[in-house]
Amino acid sequence: MLIVEGPNQGKEIPIQKSSFEIGRSPVNSFILQDEQVSRQHARIEQNGNEFVLKDLRSRNGVFVNSNRIENHVLHAGDRIRIGSSVFVFKTDGTKQQIQNNQLVPGNDEPTSIRGLADMESLTGHASFSVLEQAAKLFRSGLPPKGIATQLLDIFFEGFLPDRAQIQWQAEELIMVARSREKGKGCPPFELPEDLKAKAQQGVSSLRLKVKNSFGKEEEKVILIAPLRSLDQGKGWLYADRSKDLLDFPLQEAEKLEALALLAGGILERSDLLNDQRRLTGKISLMEKYLTPEIARMLSSRKVNIEEGALSVEEREVTVLFSDIQGFTSLSERLSAPEIAALLNEYFQRMVEVITVHHGEVNKFIGDAIMALFGAPKSFGTDALNAVSAGLEMIEALKHFWQEIDEKKRFNIRIGINTGVVVAGNIGSERKMEYTVLGDEVNVASRLEGISLPNTVTIGGRTGELVKGLFQLEKLPSVKVKGKSQTIDVFRVIKKNV
């Protein structure tokens, strides 16, 4: 085995026993002075022509080709990570495949970090591991930068470069880099324009003079592949080594091409998920200023901005008004910050109830709430939804009483009316508001005004639509301003089971 990463980098370790132990304890065949390594960490056992690596229940585990193992039959080219050290397992026949050798410090015979691995085994067994590890990221919900960072780790471990970098153009440019010298803290480096152009043509293996992390030019062996999304180049995978090391062989280029195709798909999926998260966040923010249904309509791809998102129309809508009884006297008893906090807590509970019943809070008018059921979208049971919401608002208020001081408690009145109104965008070019207009809106407000504390009063059309679903009490008909005839009025007692 050869140590290619860690405190003993470059040291070759012969396995001369049928049972070869690795750990911190002096009794081991090979002692690793590393805080991440257990006293008895791992064992390599020879079984005929096979060597089996076993984890001796270590604290931090044993990894082969980036996979944690308990028992693993070793193949030439396997990369073993124990603590902060990485070993490459080799066989006696491996050296026959070495070309353009490098003298590794501390070793008298010519070796090569890449040549030490049996190339056929490395590009078969190890490449499968690289692609398998990358494929797992398809299930990840990480944002693009997190995905790029994990892909870089897999890329770096699978290709053993001096430096590696992934660049991907998402909503913003993502560049993550890693070097053997600086580890994961390596700052991203800018590639020459001619190399960027070369990358878009396909996988390339070449020698060029590039600037190192200190800004000095040196000759490098380079492997680069484009990252694509729907045949559009959006970035690349890049790796380089010192000129004294082996060129990247053909098998490496083929492996990188497969990894680049996979990585492009993974990053594109992450982009789409990120776009969805951003859109959801924007809609959530819009919903604080607009009703949820209007926010969704405005964010829809089908909206034609030039023609207007929500055109004016006549439609039947159920309008709910609620108001705090005696709000003026309540304001006199409490300070302004106390009133603001109290109203915010109250409105939060009422809005949740209205939203659950498919209502849209149209506006807050001081301490009053105006909500619409059936605009901008009808659910076919708008009157039922509105009356159910009204009763539940009163129950929510009673629960709210239990959480606040007695001097802050208050009652509410609710009025509900159904009828044909004008609905749509109303306002000026600079400021628009989706709302409803018409006599039926005024009736709902009037019904709220005549309601008893903590009761729901509804108009005649609403009563028709919910008859049989609720227990109703007929009240004296009332005359409403703007109406020539009196209107039927009902008090809602309870919902029928």
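Look above for the structure.
Bear in mind that the values here come from a model prediction, so they are computed numbers and not experimental data.

Here we look at the overall build of the protein chain
Along its length, the protein chain carries ten helices and 23 strands. Looking at the protein chain alone, contacts between residues at least 24 apart form 56% of all its contacts between residues at least 6 apart.

Things to note about the environment of Gln33
Within the secondary structure, Gln33 sits in the loop between β3 (30-31) and β4 (42-47). C-alpha separation for the pair Gln33 and Asn8, spaced 25 residues apart in sequence, amounts to 9.9 Å.

Quick look at helix α7 (residues 336-356)
With 21 residues, α7 should reach 30 Å at 1.5 Å per residue; the first-to-last C-alpha distance of 30 Å fits that figure. Those residues of α7 not exposed but buried are Ile339, Leu342, Leu343, Tyr346, Phe347, Arg349, Met350, Val353 and Ile354. Projected onto a plane normal to the axis of α7, the buried residues spread over an arc of 165 degrees and lie on a single side. Summarising the geometry of α7, the exposed residues directed more than 90 degrees from the buried face are Pro337, Asn344 and Val356.

Re helix α2 (residues 144-159)
Between its terminal C-alpha atoms α2 stretches 22 Å, which fits the 22 Å expected from 16 residues at 1.5 Å a residue. Of all 16 residues in α2, 13 are buried, a share of seventy percent or more. Within two residues after α2, Leu160 carries a phi angle of roughly 50 degrees, on the positive side.

Quick notes on the sheet that holds strand β1 (residues 2-5)
Spatial strand order, β1-β10-β9-β6-β7: five strands in an open sheet with antiparallel pairing. This sheet does not close on itself; its edge strands, each paired only once, are β1 and β7 (67-69). Within the sheet, the average angular offset between the axes of one strand and its neighbour, ignoring direction, is 35 degrees. Pairing between β1 and strand β10 (residues 85-88): three bridges, direction antiparallel. Of the residues in β10, the one forming a bridge with Ile3 is Phe87.

Brief notes about the pairing of strand β20 (residues 432-437)
Bridging between strand β19 (residues 412-427) and β20 involves six bridges; their strand directions are antiparallel. If you follow Gly424 over to β20, its bridge partner there is Thr435. In this structure, the hairpin formed by β19 and β20 is closed by a connection of four residues.

Considering the environment of Asp488
In this structure, Asp488 sits in strand β23 (residues 487-495). Sequence separation between Asp488 and Pro476 is twelve residues; the distance between their C-alpha atoms is 7.3 Å. Separated by 3.5 Å, the side chains of Asp488 and Ser477 make a polar contact.

Digging into the sheet that holds strand β5 (residues 50-55)
Strand order in the open sheet formed by five strands is β3-β2-β4-β5-β8, and the pairing between neighbours is mixed. Edge positions in the sheet fall to β3 and β8 (71-73), since each has one partner strand and no second. Two elements, strand β2 (residues 19-23) and β3, share two bridges in a ladder whose sense is parallel. Looking at β3, one finds that Gly23 is bridged to Ile31.

Some points on the packing of aromatic side chains
If you walk through the whole model with that rule in mind, you get eight aromatic pairs. Between Phe30 and Phe87, the aromatic rings sit 6.3 Å apart at their centres with planes inclined by 85 degrees, giving edge-to-face as the arrangement. In this pair, Phe30 is assigned in strand β3 and Phe87 in strand β10, connecting sequence segments 57 residues apart. Like Phe30, the residue Phe87 is buried in the burial classification. With a centroid separation of 5.1 Å and 65 degrees between ring planes, the pair formed by Phe155 and Phe159 is classed as edge-to-face. Linking Phe155 with Phe159, this pair stays in helix α2, spanning four residues, or about one helical turn. An identical accessibility class is assigned to Phe155 and Phe159; each is buried. These aromatic residues form a ring-pair network of at least three members: Tyr346, Phe347, Phe364, Phe400 and Phe410.

Rules of the game
Starting afresh in each chain, residues are numbered from 1 along the sequence in its written order. Predicted model: local features are reported for residues with pLDDT of at least 70 only, side-chain atom pairs are reported and counted for 80 or more only, and whole-chain, interface and lining totals are derived from all residues. Calculated side-chain values reflect all of the structure's heavy atoms, with hydrogen atoms and water omitted. Runs of E in the DSSP output that reach at least two residues are strands. Runs of H or I that reach at least four are helices, and both are numbered from the N terminus. By the convention used here, residues are in contact when the closest approach between their heavy atoms is within 4.5 Å. Working rule for helices: expected span equals 1.5 Å times residues minus one. Exposure classes here rest on a 1.4 Å probe applied to the protein chains alone. A residue is buried below 20% of its type maximum, exposed above 50%, and partly exposed in between. The arc in question is traced by the directions running from the helix axis to the C-beta atoms. When DSSP finds two or more bridges between a pair of strands, those strands are recorded as paired. For helices, the fitted line uses only the C-alpha atoms of the stretch in contact; every axis is such a line through C-alpha atoms, and the angle between N-to-C directions lies from 0 to 180 degrees. Polar contact is the term for a pair of N or O atoms within 3.5 Å; when the atoms are in protein, one must be able to donate a hydrogen and the other to accept it, and sequence-neighboring residues count only if both atoms are side-chain atoms. Only rings of Phe, Tyr and Trp enter the pairing, Trp through its six-membered ring, and a pair is recorded when the two centres are within 6.5 Å. The plane angle decides the type: under 30 degrees is stacked, over 60 is edge-to-face, the rest tilted.

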